[in-house]
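Structural characterization, general
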Amino acid sequence: MAPTNKIQIYDTTLRDGCQSEDVSLTLEDKLEIARRLDALGVDYIEGGWPGSNERDAAFFTQIKRVKLHHARIAAFGATRRAGIKASADHNLSLILRANTPVACVVGKTWDMHVREALRIPLEENLEILHDTIAYLKKHVDEVIFDAEHFFDGYCLNREYALSCLKSVEDAGADLICLCDTNGGRLPHEVEAAVRAARQTLQASLGIHCHNDSEVAVANTIAGVRSGAVQIQGTINGFGERCGNANLVSIIANLQLKLGYNCVPAGRLKMLQETSMLVYELANVAPNPRQAYVGRSAFTHKAGLHVSGIRRNVKTYEHIDPAAVGNDRRVVLSELSGRANILYKTREFGLDTELNKQQVEALLDELKRLEGLGYTFDGADASFELLMLRTLGLATDHFNFVSFRVFDDKWHEDQAPFSEAVLVLEGPDGQRTRTSAIGNGPVNALDSALRRALTPYYPDLATMQLVDYKVRVLDNGAGTGARVRVLIESTDGSRRWGTVGVSANVVEASWQALLDSVEFKLHKDKAKPRKPGRSVRDYTRTNGIVTDGKGSGMRRSHGETPGSDGAADGRKPAAQPAKPRPRRGLETNSSGQA
Ligand SMILES: [Zn+2]
C-alpha cells in the first residue's frame, strides 16, 4: 500500500530547465539525465515539447529504448488554438505522436492573459480548456493540466481562475498543477490560493513555482502543506530568468524535515551526484553555496565552529551531510585554531598525535603564508603538503634545479607560444633536462615537468589540470601586483586543489603545479621506477626541430604547440640540486603579473 504522505516528484529539467539562457542539452545528455532521474526515484520525467523542436521529438523515440524502473515519461504542450477542434490541432497531434503514458498541457487561467494574449472572450477559453483535456484524455493514460499564472489570476479574478480549474476537472484531468509562472508570489499567498482550490475541486493538485522572488522552494513547500500532492521543478533550479523551484532542496526539505515521502529512503543520498551530473552535462559551474549539495554546504572555517563539530556535529550542521550524499569539510584560515588543525590531521589520516609545539608551528606557518596572500580554502592538497613538510614527514620525489621560460611571437597576426626548459634532479640522483612548447608559459612548464617525471612515475600520465584561476592580490599595484594562482587537478578518481603566490605569475603557477604533482605522488605512495632510457636521452630524441643556430626552434605555421621543444644547445644551469625553499620567501622580488 502506498504511504499516505507520498508526494509525487515531477521533474521538468529537460523542458522548463532548458529554458535557462546558459543551458543547452544534447539528446544524449537528456537521455543520460532521464536515466539518473529514474535511478533517483522521481515519478515523472517531462521530456520536452514535441511540437517545439526536433531534438525533443527525437527524445520521445529514443527514451522508449531505455529501460526505466519507476519514472513515467510526460510530453508537454499547450491547449488547442482558438477557433478549431482539439482533434485538428497540430501541436496536440504531436503530443499524441510522442506516444507517452502522460501528457501535460498548459492553459490560461488569468483573465488578463485571455483578454490580452489570446484576445478571446473569457467563455471561449473555458471551452478550449475543456475540449483539450477531454480530447487528450481519450488518447493518453494520464493527463496533467498546468494552470499557467494561476496565482496571479487568483489574486486578481478569483472566480474566473477557479472556474477555469473547474472546466479542466470536469473534462477529466488527472491532476491540476497550480503555477506561479511569473514567480512573483510569496508563501502566504500560495498557501491561501492552494487551500481555496482544494476546497473548490475534487481533483488532485500540484504546484509549479518559479524563483523570481527567491522563494520558489518556500512557495512549493507552502503548496504541499496546503494540500498539493505533486511538485514540479528542476534539478538545481535551472529555468528561465531566475529559474524554477529547485527539486534538490525541495525533496531534501520535505523528506528530511517534514516527513513526506518523495523518493525511496535509500535514494536521498543520490541528490548530490544527480545535482553534479546535471551541472556537468549542462556545462554550468556548480554553485558552491547551493543548499544541501553545494561544496560549501557543510564547510566549516571558524575555529569555534570546528571545535564545536569535533564534540558534536549537530552544533553547527542542520542535517547529516551524508544523508544527501554530501561531505563535511573543514578549511583553514587565520581564523582557524587548534581544532581545525587537529581535525585536518585526522582527515588526512596522519597517525601521529600532534603535540602542542607542532600545532603551534603549523598555525604560525599558516598565518605567515596567509599574510603573504596564500589561501587554503580551495587548496586542501597544498595544505596537506604544508603539514607534512612542517612536521618533517614529506617524501622527496625529485629536486628542482632550475627552469627558464621563453615567450615568442613572430608575426602580428600569429598567436604567441612559449618554450620551457626545465632541469630537475630525479629520484635516482640523475640530473635531467627537458623542454616543451606550450600555448603559454604555464602550459609549457607543465608539459616539461611531466616529461621529466613520467619516465620515473608513469601514473602521472593520468593526471590533468581541470581549472586554473589567477587572482590579483594588491589592488592598485598594477602589473607589479602579487597574484594568487589556484589550480585544480584530477586523475580520474579524485580532484584536488593547490595554490601558489608570487609577484610573478609564472612562479605562482609553478608553485601550484609542483604541489599538484607532489600531491599525486604522495597520495599514490609512488615509488620511482627506473626509466628504460635516461630521461636526458628521451628529451633529445623526441621530435626536436632546431635551426642549428642555437636560437630556439623553428615552428611552421599551424604546428600544434605542445609538440616537443628544442634543445637550444645551451648547457643546463650548473647549480647544485637543493631542497625547495620555504614558500613565500620570494614574494618580495619584483616581477610581472
Ligand atoms: Zn514553468
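Everything that follows concerns the structure shown earlier in this document.
Below or above, wherever it landed, is the structure these notes cover. (Residues numbered from 1 in each chain as written. Predicted model: local features only at pLDDT ≥ 70, side-chain atom pairs only at ≥ 80, totals over all residues. Heavy atoms only, no water.)

**A closer look at the sheet that holds strand S13 (residues 431–438)**
Quick note on the threshold: At least two bridges found by DSSP between two strands is the condition for calling them paired. Secondary structure follows DSSP: runs of H or I at least 4 residues long count as helices, runs of E at least 2 residues long count as strands, and numbering of each begins at the N terminus. Only the stretch in contact is used when fitting a helix axis, every axis being a line fitted to C-alpha atoms; angles between N-to-C directions are given from 0 to 180 degrees.
Strand order in the open sheet formed by three strands is S11-S12-S13, and the pairing between neighbours is antiparallel. Two strands in the sheet have a free side with no partner beyond their single neighbour: strand S11 (399–408) and S13. Within this sheet the neighbouring strands show an average axis-to-axis angle of 15°, counted without direction. Of the pairings in the sheet, the one linking S11 to strand S12 (residues 417–425) comprises nine bridges and is antiparallel in character. For asparagine 399, the partnering residue across the bridge sits in S12 and is glutamate 425.

**Notes on helix H2 (residues 54–62)**
Filter applied, for reference: With a 1.4 Å probe rolled over the protein chains alone, any residue whose accessible area is under 20% of its type maximum counts as buried; one over 50% counts as exposed, and the rest are partly exposed. Throughout, the arc means the angular range of directions from the helix axis out to the C-beta atoms. Two residues qualify as a contact provided that any one of their heavy atoms is within 4.5 Å of a heavy atom in the partner residue. Throughout this description, a polar contact denotes any pair of N or O atoms lying within 3.5 Å of each other; where both atoms belong to protein, one of them has to be capable of donating a hydrogen while the other can accept it, and for residues adjacent in sequence the pair is counted only when both atoms sit in side chains.
Within the sequence span of H2, burial applies to Asp56, Phe59 and Phe60. In an axial view of H2, the angular spread of the buried residues amounts to 95°, which keeps them on one side of the axis. Looking at the buried side of H2, the elements it contacts are helix H1 (27–40), strand S2 (44–48), strand S3 (72–78) and helix H3 (90–98). You can read the cap of H2 off the contacts: a side-chain oxygen lies 3.1 Å from the backbone nitrogen of arginine 55, and it is on asparagine 53.

**Quick word on the environment of asparagine 91**
Residue position: asparagine 91 is located in helix H3. A relative accessible area of 32% means that asparagine 91 is categorised as partly exposed. Linking asparagine 91 and serine 52, residues 39 residues apart in sequence, is a C-alpha distance of 8.7 Å.

**Examining the pairing of S3**
A regular strand carries its side chains on alternate faces of the sheet. This is how the line gets drawn: Orient the strands so they point away from the viewer; a crossover is then right-handed if the path from the first strand over the helix to the second runs clockwise.
A large share of S3 lies buried, amounting to five of its seven residues. For S2 and S3, the ladder comprises four bridges, and the chain directions are parallel. When the bridges of S3 are listed, isoleucine 45 appears paired with isoleucine 73. Where the polypeptide runs from S2 across H2 and back to S3, its parallel neighbour, the crossover connection is right-handed. With H3 bridging S3 and its parallel neighbour strand S4 (residues 102–108), the resulting β-α-β unit is right-handed.

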